[in-house]
Every structure is written in C-alpha cells, then in structure tokens.
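The lines below spell out each chain.
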Amino acid sequence: MASINRLLGSITRIAALVRKELEGIIKDRMALIVLVLLPMIITFSLGAYQFRVLTIADYAKVAVINQDTSIGDPNYDFADEFFWELVEKANDSVCIVFPLNDENIANFLLWRGDIDAIIIIPFGFNSHLASNRDPEAPIPVPAYINVTLDGTDLENQGKVIDCLTSAIADFKIRFNFTKDEVIPVITAVMGPTEEQGIDLRVTVPLITPLLLIGGIMILTSQCIVGDVPLRRLLLTPASKSEAVLAKVLAYLITGIIQMVIIIGILSVVYHYQPSGSYVNLVLCLLCISLFGITLGVFISIISNSRLQANQYFIFAFLTLVVIELAVPVADVKNASPLHMAREAIINVASRGLPLYYAMPPMIGLLIYSLALLALSLAVFSMKRSVV
Amino acid sequence: MAEKFIELRGVHVRVGGKTILSDVSFYAERGEILAVIGGSGAGKTTCLRVMTGQIRPVRGEVQVAGIDAVRDREKLEHVLGYVPQLDETGLYYEFSAIRNACLFARMYGIPAREAKRRAREILEVLGFRSEELMKKPVGQLSGGERKRVSICVGLIHEPQVLLLDEPTTGLDAHLRVDVLNYLRNINRQYGVTMGIVSHDLETAEFCDRVAVLEKGHVVIFGNPKEFVRSIQAKYAFILSFEKLTDNDISKIKSLRIVTKVLPVGRRTLKVFIRKIEEPLNVLVDELEKVGLTPLSVTSSDITFTDYFRLTAMEKEEEPYFPRSH
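It should be emphasised that the depicted structure is a prediction, and the values quoted were computed from it without experimental measurement.

Conventions used here
Residues numbered from 1 in each chain as written. Chains lettered and ligands numbered in written order. Predicted model: local features only at pLDDT ≥ 70, side-chain atom pairs only at ≥ 80, totals over all residues. Heavy atoms only, no water. Contact = heavy atoms within 4.5 Å. Buried area = accessible area lost by both parts, 1.4 Å probe. Helix = DSSP H or I, 4+ residues; strand = E, 2+ residues; numbered from the N terminus. Domains from an automatic or database assignment. Salt bridge = Lys/Arg side-chain N within 4 Å of Asp/Glu carboxyl O. Polar contact = N/O pair within 3.5 Å; in protein donor to acceptor, adjacent residues only side chain to side chain. Nonpolar A, V, L, I, M, F, W, Y, C, P; charged D, E, K, R; others polar. Pairing = 2+ DSSP bridges. Buried < 20%, exposed > 50% of the residue type's maximum accessible area, 1.4 Å probe, protein only.

Caption draft 1: Broad picture of the interface of chain B and chain A. On the chain A side, the residues contacting the 19 residues of chain B number 15 residues. Taken together, the two surfaces of chain B and chain A that pack against each other cover about 1600 Å², and 61% of this comes from carbon and sulfur. On the chain B side of the contact with chain A, Gln54(B), Tyr92(B) and Met107(B) bury the most area, a combined 31% of that side's loss. For the side of chain B that touches chain A, the secondary-structure elements that each account for two or more residues are helix 2 (73-79), helix 3 (97-107) and helix 6 (143-155) of chain B.

Right, here's the structure in full:
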C-alpha cells in the first residue's frame, strides 16, 4: 500500500511538472515558433519539388553553337537534327537550349554565370556521322560534341548532362546508330583544379558563408541580451542606437579576424587560390559577415533571455541552411541570404569576376543587413529597459 | 529657504492596470541624503525609476536638480548618478574598477586621463587604498568592494544627485555600516545630494530625511532626528527578564520616568526614559518598586528604527506579545 502511495505521489509530481513545462512552452512564443514553424519549413522544403512552379531561374541555360559546315548525308543535317533533339529533351531536364553563333560571347556569358553550359557541334559532325551510316564501315568514326560546363554549379551540371545524354540516346535511336558514334567531350570550367585535390571551388562558396554567418551570429545573438550592464550604460548619454552601432562595428572587426583565419587556412593548408583578386574576396566576405552580425544583433534585441537568443539563433541558422540545401525552387533560393553569399563567393573567387559583375548578390546582402539594422534599431528603441 | 533638489509631488504610477504609487510626495534639499524606505512591493524601486526618468507617472511632478524628470529625461543624464541594486547590472565584471569607471566616464565625454584621475580620487575616498585593488577585475572583488566600485561609477561624471537602489542589500552588517559611512563621506566631500532606496530602516540613521512607503503610499516623511525626538526620551535601556508577561509590561509602561516601551525579544524590552538625573539607578529603583528585577540592563541609542516600530505597534493596537505569552 505504501509503495502504491509513493508511486501515486511520484506520478502526481511528474504530472504537475509536465503541466508546468507545457505551460512554459505555451507562454513562450519563441518555443512555439520553433516547434511549429521549423518542421513546417523543413517538410514543405523537402516536398516542394512535387508541387513547385518552375520559373526561368530554375532552368539550366545551354547555348548551342553549331560550327559544322561539313557535307554529310544528303537527306539529313545531323547537326541541325541534334540541336532539335536537345531542344526536345530540354524541358524534361529543366534546361533551356538556344542557338548562339559567337563562341566568345558564349564563353563570356558562361564566365559571368548568365548561362550554365556551352555545347559546340564542331566541324565534321555531319560528315563523320554520314560515314557511319555505311553498313560496310568496320569501326565507327566518332562525331564529337564539345561541352563546357559551369563547374561552380553542381545542380545545373546535372541538368545539362541529363539533357545531353537523353538527346544523344534518342538521336542515335532515331538515326539507327548503334555504337559510340556520338561522343560528348565534357569540360567543367571554374571548378576545382586537379592539384587542389578536393573540390575546394565547390565547397568553399558553401562552407565559407556558413562559417562566417554561423560563427558571427552565435556571438552577436548574445551581444545585447547578454550585456546586462548595458541597461545601466543607457542611463548615461549613450543612446540605444549608439550601442547597437558600436556592437555592429566591434563584431565587424571580429568578422575580419575570422575572415583572415579562414582565408589563411584555405591558402596555407589547402593551397586554395581565388580566381579573382583577394581584395574582391575580402569585400565579399565583409558583406557576408555584416549580414551575420546584423541578423545576430536583431536576434539579440528581440530575445528576452540568453536561452531564447540561442533558440532564435538555431532557428534562423537552420532555416538558412535548409533553404540552401533542400529547397529546389530557384526563386526562393535566390532570395535567401545564404545563397546570395554563396553566389557572391562563386562570382569573385571561382569565376574571378570583376567587382562590377559580382555585385548583385553582395548588394542583396547589404540590403538585408541594412534592413535588419533598421529593424533592430526600431525594435530596440521601443523596447522598455529598466535598471 | 533651501532649494528642493529631489522632489516628488503627488506622483501616481500605474503599471498594467495596477496602482504602484499613489499620491506620493517627498523631497530632499540640496546636499541632503534622503532615504526612501519600504518593504517588498511598497513601491520604492518604482520611485527610483520615476526619479531616473525610466518610468513616466500618470500624474504628478518629479523634479531632480531643477530638471523635470518627466519631460526632460535626457537632461537628467548629466546631473544624475545611479547605483543599481545588483552590481552585475551596472558593472562589467571582467573589467577593473578603474576600467569600469573610465568606460562610463567616456559616455559623458570625459577625457580618458581625467576619467582615470577622478576614478582614483573617488575610489580612494571609498577606501580603495592600493592601485592593485583598483586594477583587479571587479569579478574578483568582495561584495562590499564591488558596491563601492558601483558607487564610484555613479559618481564619475560628478553628478549633482546620486540615486542608490538598495546599496546595502546582500552585505554583512559591518559592511552595511561601512558603505553607509562611505556614502556620508562622499556626501560631505562632494556635496552631492543623495537618494537612497532601501528596505533597511538602519539606513535612515545616516540620512537627513526619510520617506517610508507602504503599499504605494508615503506613511512617514520627515527628518529622522525629529521623529526620534518625538519619542520624548533622552535615554534608552534594554532590559532582560527571566519571565515577562503583558502585565509586567503594563507595570513598566506606567512608570513615570518611562515614555515608551518596545519589545525586542521574548523576554527583552527596550525602555525609553525621559531626561532625568542618574537614569540607570532611578530605573532599577522604580522597577524594584513594582516587583520587577531585570537580569541585565544595557544602555542603548534611540534610533529611527525605534520610532518606526513604536509607530507601527501603536497603529496596530495589538498586545505586545501573542496571547500564548
């Protein structure tokens, strides 16, 4: 009987504690947001592929340059037929295929990131394929296609390869080619070089902003809520806006130190070298750092406790990562600051674009940073702080 | 007529539909020390926040050093020094005393060298004798030392008024007296007007004026010495008895030399005696006449705490001891 009473007492206490915890969660709006919104974002992101509405941003852009003037089968222009085969397969592979005449313009567009691949049908494509239609031909004479891919974008590389292989397969079936008559020669440019060993040019644009944004955010998300004597300081002539700006500037200096460490390790340990100038890379990283700082400061201002700031940080960081890695909708991705940061690094470090061309994602990050700063100042000025 | 330097007139504060302060009025003249005393929830911290301009009253006027604290809060920053209750809310523990003071001084635009000079000077007045102590991180200092650093920070910009929130809370008895003595020294040396919020009645002994708050109302306001005079006693003795009943207390009260009687323990009384020759001998004789022999008689001071307790006791009109006695 005594043991039953003890058990009942224990159950009662546990029930009371459970109720207390639930009440705490219900009263804590942040906890509710994390509980409800985070799984929603992740689940919708993973399932979004099925329901997505594709926009122009989702498509890989492929320029096809037909350089073939050779004489082949009198009934068919194989180069032309192959182009149309690519056009036909493009939509299924989420690609847009269009003709272009000038190879230099195509290379320029690829370098700037306006297109994702160049397919060149070289001189001899027609004649080589025509010679293969002779049933007496002992071995196939391959007709090569030169494909140049943007090595910085793995996702679009996949789309182009998919489009290319389907087009080749159907083309061969249609014209009864049964051997290796059509061979694509694929080159990825602006991607990792062999001596770098690992895919630094692909991983650096993702890892660097993650490190910079995450690293600085975890510090700045505590900078106001954790600075208890700041409330006392605000009884002096120091204003709230001065306090916020001072925090941002101080952490920008910290961000520069982080930057030096990251670039230093990449250069010294992994022999990583950006394609563009170091000055542009530093400017780009500064923009990324500034975004991380202003987001962290904003989190710190809206939080009422250090714990809450940690929750907000995890929520914001996970959201950024999930959008970058799991959301297959390009328009959503393009609006994400982490994606902008990645694009900015690709532009200045992988493509080596001059600042003028590399600016759009950096401007996007600056706009986000200024908006967050303005919001932080507005919220902080309204927030009642008493000592 | 002396200038009123801290003044609350008919102040009414409501927070979340609840009245925190109701028609609160008190003042301190230039150079005085004012104590605002009350228990938990009496509204003393709200008074302080009203004086620092952190809370706007719904009604009433607040003047600090001639500045309207409701309308000109920004002007207050230069004339007002503030010492919060908890040192961790006003000091950076990883910084030294000097560094903390200099940081706050910089907020007022005081040059670094001048800030250091002032910090050293104030810290010396506050009993920081060694340079080593001044340069030690605040986190490594004792509670009393930290409190003094907090006071130094509040004084660094040479304010005309210094407001202190519970400056003696959490300190040992001897440290409490030390801190209050240091405040007295500061008051004398710099002529700074002080407002001390405290739950500790002992604080009033060090002050020129006292306002006692109860549930948002001022119940006592004036000069503590005058309140003490109102007991109409010249001497006080603490008497211990082997046994003490309500009847015994009534007998003591009826003695012609006794003005008031205050129980201070189960078998101990504080007896207030009017101005007479040889009060101790007379008291013992008088007690023997009514059949009471104390185990011990100790001379004591007459304090504001005595006045307060006597007033509270008379107001409640309760017997000295619970019925079980």
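Caption draft 2: A look at the domain arrangement of chain B. Residue and element names in this part refer to chain B. The domain architecture assigned to chain B consists of domain 1 (4-222) and domain 2 (228-316). One C-alpha centre belongs to domain 1, the other to domain 2, and the line joining them spans 37 Å. With 8 residues of domain 1 in contact, the opposing surface of domain 2 contributes 6 residues. Carbon and sulfur atoms supply 73% of the area that domain 1 and domain 2 bury against each other, a total of about 650 Å² over both sides. A per-residue breakdown of the area domain 1 buries against domain 2 is headed by Leu201, Glu205 and Ile220, which together make up 68% of the total. For the interface between domain 1 and domain 2, the tally reads 0 salt bridges. Scanning the region where domain 1 abuts domain 2 turns up 2 residue pairs in polar contact (both at pLDDT 80 or more). Broken down by element, the side of domain 1 that touches domain 2 gets its largest block of residues, 3 residues, from strand 9 (residues 209-214). When its residues are assigned to classes, the side of domain 1 that touches domain 2 shows 5 nonpolar, no polar and 3 charged.

Caption draft 3: A look at the sheet that holds strand 4 (residues 59-64) of chain B. Residues and elements named next belong to chain B. Spatial strand order, 2-1-4-5: 4 strands in an open sheet with antiparallel pairing. Edge positions in the sheet fall to strand 2 (18-29) and strand 5 (67-68), since each of these pairs with one other strand and no more. Where strand 1 (residues 4-15) lies against strand 4, 5 bridges are found, and the strand directions are antiparallel. Bridge pairing links Ile6 to Val64 in strand 4.

Caption draft 4: View of the pattern of salt bridges. Taken as a whole, this structure holds 32 salt bridges over all chains when the rule is applied. Two residues, Asp170(A) and Lys89(A), come together in a salt bridge whose shortest N-O distance is 2.8 Å. Here Lys89(A) lies in helix 3 (residues 78-90) and Asp170(A) lies in helix 6 (residues 154-174), a separation of 81 residues in the sequence. Across the salt bridge formed by Glu286(B) and Arg256(B), the nearest N and O atoms sit 3.4 Å from each other. Remark: Arg256(B) occurs in the loop between helix 9 (246-253) and strand 12 (258-263) and Glu286(B) occurs in helix 10 (residues 279-289); sequence separation between them is 30 residues. Looking at Arg256(B), the relative accessible area reads 57%, which means it is exposed. By sharing partners, the salt bridges in this structure join Glu114(B), Arg117(B), Arg118(B), Glu121(B) and Glu158(B) into a single network.

Caption draft 5: Highlighting the domain arrangement of chain A. Residues and elements named next belong to chain A. As far as domains go, chain A holds domain 1 (56-189) and domain 2 (196-382). Spacing between the C-alpha centres of domain 1 and domain 2 amounts to 41 Å. With 12 residues of domain 1 at the contact, the number on the domain 2 side is 14 residues. When domain 1 packs against domain 2, the two sides together hide about 1100 Å² of surface, and 54% of this comes from carbon and sulfur. Where domain 1 touches domain 2, the interface holds 2 salt bridges. Of the charged contacts, one joins Arg351 and Asp150 as a salt bridge, the two residues approaching to 2.8 Å between their closest N and O atoms. When residues of the side of domain 1 that touches domain 2 are traced back to their parent elements, those giving at least two are helix 4 (103-112) and helix 6. It is helix 4 that contributes the most residues to the side of domain 1 that touches domain 2, 4 residues altogether. Residue classes in the side of domain 1 that touches domain 2 are distributed as 5 nonpolar, 3 polar and 4 charged.

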